[in-house]
Amino acid sequence: MAYYPKSQIKTNLKTSGDEFILSSTKEKYIGFYYEVSNGDKFSGKTPDDKGGILLLPIPADQEPESAEAEEQSVLISPPIIIINDYPNSPPTNTRSLPHYAPTIPTQKDYNLGEFQRYFAKKTNQNIYLEINKETCDKLKNSDPNIAFDLYIAISLSWDLSGEQDQTYLINKNTITLIEDRKNWYGFTQWFKDDFLKYYQNPDIQTDLFTDGTEFINRRTKLAYRGPYHIHPEKGPMVGAKHIQREHDYLDPIQPTPNLIVDPTSIPTPTYSSGGGSTSGGGGGYSGGGGGY
C-alpha cells in the first residue's frame, strides 16, 4: 500500500489518447489521469476515483502482445492513502460547509447609511448564498476547518438610506459590477430585483398593522387585514415596507356616521305581553364593516 501526501499527487490531468495505454487492456486511454511522485500514472481525476488503472506509455511498435503476456501485464493501481499536509488540521470529511447566514444591519449601520454583506459562490457552479463575516473570513484565509477550496467568498457595501431610486440603482450597480468583473454569472438574478433590502426611508412609516376595520384594498374593493406602511406621497399601501415592485393602495373605510337624536324626541317604549319591546328610538349606528 503506497502512501502519498497531497503535495506529491498531481490531479485532474488529461490526455487526448496519444500518450498512454491501459495496462489492463492495452487500449489507448483518453480522459483524466493523475500522477504520483514516483512517476506512475493512473486513470481517474484523483485517487478518490475507485478502480484507477496503471497507465503505460504507448510503445514504439503497436504489435499486439500474446494473450499470455497480456494477462501477466495487467496491473491495477495499489490503494493510495492521502496524508494531510497539515498535521494539526482535522480530516477532510470533518470540514464544515458554508451555510445561509445573512447579516442584519444594526441601528449604527442605519446611522452610517450602509453596511457590509457577505456572499459565497461554489467554485465550479453558479450557486450563491449569503453568509456572515466569520464564514467569509474563514474562506478567504483558507481555514482548514471549512471547505475553502470549494467556495469563493466576497464582501460588499450595501446602501441603507438616501433617495429611494438612487439607493436602488447604487446597490444594483454594485452587484452588476461584481458579476461582470468576477464572471459570477446569474449573481444579479439571485437578488430577484430586491436591491432595496433593509432600506429605510425616514419619511415612510413602516411595519404597521391593521385589523381589517380601517382600510379597503383599492384594487379588490375588499377590507384589508395585515401589515401595511404609509408613504408620504402615496398614502397607505399593502406590505410592511415600501418596495420597488408594484403593490396595492389602501383607502380608508368610510364609516356610517352615528345618528344624533334629540333625547326629548325619543318616544316612550311600549311592551307586549311577552315583555319584549315593540318599538324603540335607539340610535342608528352602523360599524365600518367590510367596505365592499
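Residues numbered from 1 in each chain as written. Predicted model: local features only at pLDDT ≥ 70, side-chain atom pairs only at ≥ 80, totals over all residues. Heavy atoms only, no water.

Some thoughts on the pairing of strand β11 (residues 205–217)
A regular strand places its side chains on the two faces of the sheet in alternate fashion.
Working step 1: The pairing of β11 with strand β12 (residues 223–231) spans six bridges and is classified as antiparallel. Each bridged residue has a counterpart across the sheet, and for Leu208 the counterpart in β12 is Tyr228.
Working step 2: Where β11 folds back on β12, the antiparallel hairpin that results is connected by five residues, among which Lys221 adopts a positive phi of roughly 65°.
Working step 3: With three bridges joining them, β11 and strand β14 (residues 250–252) adopt antiparallel strand pairing. Counterpart to Asn217 in the pairing with β14 is Leu250. (Pairing = 2+ DSSP bridges. Helix = DSSP H or I, 4+ residues; strand = E, 2+ residues; numbered from the N terminus.)

Observations regarding the pairing of β12
Working step 1: Bridge analysis of β12 against strand β13 (residues 235–238) gives four bridges, and the strand direction is antiparallel. Within β13, the position partnered with His229 by the bridge is Met237.
Working step 2: Here β12 folds back onto β13 in antiparallel fashion, the turn holding three residues.

Considering the confidence of the model for the protein
Atom-level detail of predicted coordinates should not be read off regions where pLDDT is low.
Working step 1: For the protein, the mean per-residue pLDDT works out to 78, and 74% of the residues sit at or above 70.
Working step 2: Per-residue pLDDT stays below 50 along residues 80–90; that stretch engages in 27 contacts with residues further than four places along the chain or on separate chains.
Working step 3: Segment residues 269–292 is flagged for pLDDT under 50; beyond a separation of four residues in sequence, or across chains, it makes 24 contacts in the model. (pLDDT = per-residue confidence, 0-100. Contact = heavy atoms within 4.5 Å.)

Concerning helix α4 (residues 164–182)
Working step 1: The terminal C-alpha atoms of α4 lie 27 Å apart, and with 19 residues this matches the ideal 27 Å at 1.5 Å per residue to within 8%.
Working step 2: Among the residues of α4, those classed as buried are Gln164, Thr167, Tyr168, Asn171, Ile175, Ile178 and Glu179. Projected onto a plane normal to the axis of α4, the buried residues spread over an arc of 105° and lie on a single side. Across from the buried face of α4, at angles greater than 90 degrees, the exposed residues are Asp180 and Arg181.
Working step 3: The N-capping residue of α4, defined by a side-chain oxygen 3.1 Å from the backbone nitrogen of Asp165, is Glu163.
Working step 4: The positive-phi residue at the C-terminal boundary of α4 is Asn183, with phi of around 60°. (Expected span 1.5 Å × (residues − 1). Buried < 20%, exposed > 50% of the residue type's maximum accessible area, 1.4 Å probe, protein only. Arc of directions from axis to C-beta. Polar contact = N/O pair within 3.5 Å; in protein donor to acceptor, adjacent residues only side chain to side chain.)

Comments concerning the packing of aromatic side chains
The description of an aromatic ring pair rests on the distance of the ring centres and on the angle between the ring planes.
Working step 1: Evaluated as defined, the whole model comprises 15 aromatic pairs.
Working step 2: The interplanar angle of 85° and the centroid separation of 5.7 Å between the aromatic rings of Phe115 and Tyr198 together place this pair among those described as edge-to-face. Separated by 83 residues along the polypeptide, Phe115 in strand β8 (residues 114–122) and Tyr198 in the loop between α5 (187–190) and β11 bring together distant segments of the chain.
Working step 3: Taking the centre distance of 5.5 Å and the plane angle of 35° together, the rings of Tyr128 and Trp184 count as tilted. Of this pair, Tyr128 sits in strand β9 (residues 128–131) while Trp184 sits in the loop between α4 and α5, and the two are 56 residues apart along the sequence.
Working step 4: Look at Tyr128 and you get buried, because its relative accessible area is 9%.
Working step 5: An aromatic cluster of three or more residues is present, and its members are Phe119, Tyr128, Trp158, Tyr168, Trp184, Phe187, Trp190, Phe191 and Phe195.
Working step 6: Across from the ring centre of Trp158, 4.4 Å away, lies the NZ or CZ of Arg117, which sits over that ring.
Working step 7: A cation over a ring is seen here: Lys197 above Tyr198, with NZ or CZ 5.0 Å from the ring centre. (Phe/Tyr/Trp six-rings, centres within 6.5 Å; stacked < 30°, edge-to-face > 60°. Lys NZ or Arg CZ within 6 Å of the ring centre and 35° of its normal.)

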